[in-house]
Amino acid sequence: MKISDARIAKNLTQEKLSRAINVSLKHYQNIEHGITMPTVNIALHICEILDVDPREIDEWKDRRAVD
């Protein structure tokens, strides 16, 4: 699941969500686009607001190859 899809499903703008988690809009956009990894606290706060399991967020999944 993409963060943006979960956010849109909750009818929240990037600005509203960034304010709710107390980060700048640019920082939130970087998180949503997978440019920046959020701290654990911010990640959990995002998931709490969006009502999603943090393990299901595509942008945060481990991209290393598994042998």
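Residues numbered from 1 in each chain as written. Predicted model: local features only at pLDDT ≥ 70, side-chain atom pairs only at ≥ 80, totals over all residues. Heavy atoms only, no water.

Moving on: the environment of M37. Tracing the backbone shows M37 in the loop between helix 3 (25-32) and helix 4 (40-50). Taking the C-alpha atoms as reference points, M37 and E59, separated by 22 residues in sequence, lie 8.4 Å from one another. When near neighbours in sequence (up to four residues on either side) are disregarded, M37 contacts E59 and W60. (Helix = DSSP H or I, 4+ residues; strand = E, 2+ residues; numbered from the N terminus. Contact = heavy atoms within 4.5 Å.)

What follows is about the pattern of salt bridges. Oppositely charged side chains can form a pair if their charged atoms are brought close together. One pass over the full model with this rule turns up four salt bridges. Residue D53 is joined to R55 by a salt bridge in which the shortest nitrogen-to-oxygen separation is 2.8 Å. We classify R55 as exposed; its relative accessible area is 65%. (Salt bridge = Lys/Arg side-chain N within 4 Å of Asp/Glu carboxyl O. Buried < 20%, exposed > 50% of the residue type's maximum accessible area, 1.4 Å probe, protein only.)

Quick look at the side chain of S18 now. You can see S18 is positioned in helix 2 (residues 14-20). If near-sequence neighbours (up to four positions away) are discounted, S18 is found in contact with V23, S24, L25 and Y28.

The next thing to look at is helix 4. Residues lying three or four places apart along an α-helix face the same way, a consequence of the helix completing one turn every 3.6 residues. Buried within helix 4 we find I42, A43, I46, C47 and L50. Looking down the long axis of helix 4, one finds its buried residues gathered within 135° of arc, a one-sided arrangement. Relative to its buried face, helix 4 has exposed residues pointing more than 90 degrees away, namely V40, N41 and E48. If you follow the buried residues of helix 4, they end up packed against helix 1 (3-9), helix 2 and helix 3. (Arc of directions from axis to C-beta.)

This part covers the environment of L17. Secondary-structure assignment places L17 in helix 2. Setting aside residues up to four positions removed in sequence, L17 forms contacts with R7, L12, Y28, I49 and L50.

For the rest of this paragraph, the subject is the nonpolar core. Membership of the largest hydrophobic core comes to 15 residues, with the highest contact counts inside it found for I3, I21, Y28, I46, L50 and W60. Here the element with the most residues in this core is helix 4; it accounts for five residues. Aside from chain neighbours lying at most four places away, what touches I3 is Y28, I31, E32, I46, L50, I57, E59 and W60. (Core = buried A, V, L, I, M, F, W, Y, C linked by side-chain atoms within 4.5 Å.)

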